[in-house]
Amino acid sequence: MSRMGNTYSASRLAVALLGGTILGGLPSVALAQEAQEPAAAEGESAAPAAQTIKSITVVGSQRLEPETILSYIQLRQGQVYTQAAADQALKDLYATELLADVQIRNEDGNVVIQVKENPIVNRIILEGNKRIKDDKILPEIKLAARQIFTRSKVRADVARIIELYKRKGRFAATVEPKMVELEQNRVDIVYEISEGPKSKVRKINIIGNDKFSDGELRSQMVTKQARFFRLFSSSTGYDPDRLAFDQQKLRQFYLTEGYADFRVVSAVAELTPDKKDFIITYVVEEGDRYKFGDVSVESQLRDFDSGELTARLPMKKGNWYNAKEVEDTVDQLTESAGAMGYAFADVRPNFQRDKDDKTMSVTFTLAEAPRVYVEKVNINGNTLTQDKVIRREFRIAEGDAFNTLKIKRTTNRIKSLGYFQENFEVEQKEGSAPDRIVLEANVEEKPTGELQLSAGFSSLESFILSGSIQQRNFRGRGQTLGFSANFSRYTRAAQVSFVEPYVFDKNISAGVDIYRRDYNSYNYLGSKRNTTYGRTTTGMQLRVGVPMTEYITAIGRYTLNYDDVTLDKQYYADFDGDGVVTCEPLLAGRYLCDALGKDLSSIVGLSLVYDTRDSRYRPTRGHNVTVGVDVAGLGGDVKYARITRQASQYWPVGGGFIFSLSAEGGFIKALQSRSGSGVDDVRITDRFFLGEPQIRGFDIRGIGPRVLRMPWVVVTPCEDGDTSCTPEYGPNPSRSTWTDDALGGHAYYIARAELEIPLGSGAREMGLRPSIFVDAGAVWGVTKPDTQDTPTSALYRQYVDANGDTLDTPVYTSDPVAPDGETANVLISSPYIEKFVGNSPKPRVSVGVGVNWNSPFGPLRVDFAKVLLKEEGDDTKAFSFNVGTQF
C-alpha cells in the first residue's frame, strides 16, 4: 500500500494497530538501570545510594509543551528518584494516549524523559463498504481527521463498524484496519471492510406448542423464514431486537386467545458455521385457557357512573379471556375521562385469577384525578411553515380544559395538511402545576411541492401525457399554487389554480381556477385519419368555503365558461347549390351538426361537505360525503340544473389492511329546449362522461352513449371468375377504422371497493402499497341522435364538367368518374353505416390490482384492470401508470 510516496507492509501495519506490542514501554527503565549496575557491583553488597532529582528534561516532543507532559506525572525536582516512581510515571504517560513511546533515564540525578508523540490522523478511509455508506459509518466511529491516533480508538472503531453490519444482518462482516505513515508525524487510517452476505433466518423452530401449529405462530412474528417469494423482504434477516419483539408478539397472541399463563421459556438464535444463516428455536409453555369471570368498573370520578360503565363493557362473563379487549377497554375509559377534562385519569385493571375454575375476573378502577387545563401550546421543528398555519388547526387553546377528543381531532387536522410526517402526534407534558398540561407539536416537515408526470396508452388517442406542478404550502403560508397540462394527439388542456385556506386569517377559504381545454374527435376517410369536430372551453371558477361545524363545510362557487364547438371544413358543403356552405349531416352526422356553435355559460353552485377522515391525502378511517348543486342561467346562453353526490368510507381492518368503499352519482336537467329531430336539450359540453380515471379498465370517455360510424365494405368477396357470386357487404370488423364519438349522458353513477394490502417492512421501506379493487359504473340518458341506419353510397367531389372544364364550385356526386368520362372524382366519404350504442344504465364492472410506489423518481401508480361487464361500443384499456416527484 502506498500513501504520499511512502511504501509499507500492510500486514505489518495491521499487526501494529491491533496485536503488536507498544513501542518502547517499560523495558526502557530497565536499560537505564543496567547502566548503573556495574557501579553497584564495585560497591560489593552496599545498597545503591539514593539520588535526589536535580532536573527533569523532556526531549522529543513536537506538538506538546514539556510542561504539559510533566503535568501528567508525579516526579518533581528535589524528590528522591526511585524505580517505583519511574514505573508510575511511565504508566501515567501511556495512560494519556498522547504518546507512542516513552523512555526515562536517570543520569546522576538528571532525569531525561524521551518521548515520541502519537501521530495526527490525516484522514479516515473506508474501503469495501457498499451496503452502508460513508456518511452512515463515519459519525459512529471515534477517530476523525485532525485527532490524535490511538490504538484503543482503532479497536473501538473496528468493533463499532462490525456492530453496524450486525444490525443490518451481516454477521460475517470483517474489518481490517491499516495505517499509512506520512511526513510530519501524520497517518492515514484505512478500514478495509469485507461486508459478507446478509445472514438470513433459515429456520424457526417452536417447541412446546400443542394448541396452535408452527405456521400459525410464525405468522404472528415479524421475523420470517427466508424463502424465494420473500426475496425483497427485510423481515428474513436476523435482528436481536426483532427476536425480542417476536417474543412479545407470541405472548400477545396467546393472551388474546385466553392463555393467561403462557410464557416463552427460551429463545435461542444459532449462527450456522458458514455465518450465512440463523436457526431460531423458541421453547414455549402454553398453560391453560381462561374465560372471563366477573367484570366491572369502579369509578372514583363524580362524572362517571360505575353501573352504566359496567353495562357498556365489551367483554361478558363466560367469554374467552382476551387481553387485547382489556387493553382496548382501558384506552376507551381513559379517552372518555379525557373528554371530560381528566387528562391524567388513572385507569387500572385489577385481575383475580381462579386457577381451579380457569376464570379471570377483571375490575377496572378509575382513580380520582384533578381536572387539567392547557397551560401552553408549543410548536417545534417547522422551518418553512409559519406557526400560525399549525396553530389554526388546533381545536383546543391555551386555558381550555383538557379534552382528548379535541387533541385527537387536532392531530388529524394537522396530519391532513400533508406538510408533516405521517406518524405525527400532539405530545402531552406536565405543566408547572398538577392541574396544568403543556401540548407540544413536534413536526418534521416533508416536501410539499409535487412535480407529476403521467403517461398512458389509449386505443383512441395513442399515447397520453400529462404533467402538473403544485406547491401545497406556498411561502409556508398553507396556500396552494399549481399548474397542470394534459396532452395527447387529440386532447389538450391547461389549468392554473390558487387556494388560500384562511382569507385574512379568518376561517374562510377562497380559490380560483383559470383553464383552457381543447378536445378533438376524428374519423377515417379512406385510410386517412381526420379530425371531425373540436370542442374548446375557456373559463374560470371562483370558490369560497365556510365551515358550518367542525366537520361540515359549505362551498360556494361561480363558473364562467366560453365554449366553441367547431367542425372540420371538409364536412361543410353546398349540396343544394344555393351558394351557402353549411354543415352536411351526410359527411359529419346530424348529431355533430346540431352541436356546433359558441355559447357562454354562467354557473352558480353550492356544495356541502361532511368529512371525518383522519387524513385527506392517505385516509385510513372515517368517511366523506359531498352534495353539490349547480345552476346555469345567471346570464349567458345556457340554462340547466345539475346535482351530484359523492360518499366514501374507510376502515382499518387489522394487520395493516385498509378497506374503502366509495360511490358517486349525478344528474343534469336542461332548463331550456332545443329544436330539431334527435337534438338533445343538454349540450354535449355539459353532459357527464365516464372512463379512465373514474373507472379503471376503460379508456378515456370509454363508457356510455356513443355513435359508431363503420365503413361499409365487402366482408365476403367472390372468387375471381365466379360471375354467379354476389359479394356480401357489411360493417368493417376492424374497430380501428371506425369513428367513435362519445356523446356523454344526463345521469351517471360510480361505485368502488378497494383493499390496500400491507407488505413486509422491506417493501414498506421502499414505499410500496399494493391494492386490489372493483370498479363499477354507467352513464346514460342522452336523446337518440339522428343516425345513418342504412348504408350510404360513396360520395365524391366533382371538379370538372362534361367538357373537362374546371367548375367554379365543386359538385358532390355518387359517380366516381366526372361527366367527361376521363377525370376521376375525389373520394370524400366511403359508404358507411352509423349505430347508436351504449345508452344503458347497466353497470360496467372491472377488477384489478394497483401499486403505489414512492420510487426514487417520485410517486408512481400502476394499474392493471380486467373488464368483467361491458356494453356494446365501450372502449377498454388494461394498463395505465403515472409518475411524479416531490420537492
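A quick note: this is a predicted structure, and the numbers were derived from the prediction, not measured.

(A) View of the overall build of the protein. For the protein, the count of helices and strands is 16 helices and 44 strands. Expressed as a percentage of the 887 residues in the protein, the buried residues total 43%. The long-range share in the protein, meaning contacts at least 24 apart out of those at least 6 apart in sequence, stands at 62%. For the protein, the exposed area adds up to about 45,400 Å²; of that, 53% sits on carbon and sulfur atoms.

(B) Local environment of the pairing of strand 35 (residues 739-742). Burial along strand 35 is two-sided: the residues Thr739 and Asp741 and Asp740 and Ala742 are all buried. Note: strand 33 (residues 706-716) against strand 35, 4 bridges, orientation antiparallel. Across the sheet, residue leucine 708 finds its bridge partner in strand 35, namely aspartate 740.

(C) Local environment of the sheet that holds strand 15 (residues 346-354). As summarised here, the arrangement of the 3 strands in space is 14-16-15, forming an open sheet in which the pairing is mixed. Either end of the sheet is taken by a strand with one partner, and the two such strands are strand 14 (291-299) and strand 15. Pairs of neighbouring strands in the sheet enclose a mean axial angle of 15 degrees, with direction left out of account. Across 7 bridges, the pairing between strand 14 and strand 16 (residues 359-367) is parallel. Bridging across to strand 16, phenylalanine 292 finds its partner in methionine 360. Those strands touched by helix 11 (residues 323-339) are strand 14, strand 15 and strand 16, and its axis lies near 150 degrees from that of strand 15.

(D) Layout of the side chain of aspartate 630. As for its placement among the helices and strands, aspartate 630 is situated in strand 30 (residues 622-636). Polar side-chain contacts of aspartate 630 include one of 3.0 Å to the side chain of arginine 557. Discounting chain neighbours no more than four positions away, the residues touching aspartate 630 are Arg557, Ile603, Val604, Gly605, Tyr640, Ala641 and Arg642.

(E) Structural context of the packing of aromatic side chains. All told, the structure shown has 16 aromatic pairs when counted by the stated rule. Look at tyrosine 749 and tryptophan 780: their rings are 5.8 Å apart centre to centre, the planes differ by 70 degrees, and that puts the pair in the edge-to-face class. Within this pair, whereas tyrosine 749 is found in strand 36 (residues 747-756), its partner tryptophan 780 is found in strand 37 (residues 768-780), the two being separated by 31 residues in sequence. With relative accessibility at 26%, the residue tyrosine 749 sits in the partly exposed group. On the basis of an interplanar angle of 40 degrees and a centroid distance of 5.0 Å, the ring pair of phenylalanine 864 and phenylalanine 879 is categorised as tilted. With a gap of 15 residues between them, phenylalanine 864 in strand 43 (residues 858-869) and phenylalanine 879 in strand 44 (residues 879-886) connect regions that are remote in the sequence. Classification of phenylalanine 864 as partly exposed rests on a relative accessible area of 47%. Here a set of aromatic residues connected by ring pairs shows up, and it is made of Phe212, Phe253, Tyr254, Tyr259 and Phe262. The lysine or arginine in question, arginine 709, covers the ring of tyrosine 832, its NZ or CZ lying 4.0 Å from the ring centre.

How each quantity is defined
Residues numbered from 1 in each chain as written. Predicted model: local features only at pLDDT ≥ 70, side-chain atom pairs only at ≥ 80, totals over all residues. Heavy atoms only, no water. Helix = DSSP H or I, 4+ residues; strand = E, 2+ residues; numbered from the N terminus. Buried < 20%, exposed > 50% of the residue type's maximum accessible area, 1.4 Å probe, protein only. Contact = heavy atoms within 4.5 Å. Areas by Shrake-Rupley, 256 points an atom, 1.4 Å probe, with all protein chains shown as cover. Pairing = 2+ DSSP bridges. Axes fitted to C-alpha atoms, helices over the stretch in contact; angles between N-to-C directions. Polar contact = N/O pair within 3.5 Å; in protein donor to acceptor, adjacent residues only side chain to side chain. Phe/Tyr/Trp six-rings, centres within 6.5 Å; stacked < 30°, edge-to-face > 60°. Lys NZ or Arg CZ within 6 Å of the ring centre and 35° of its normal.

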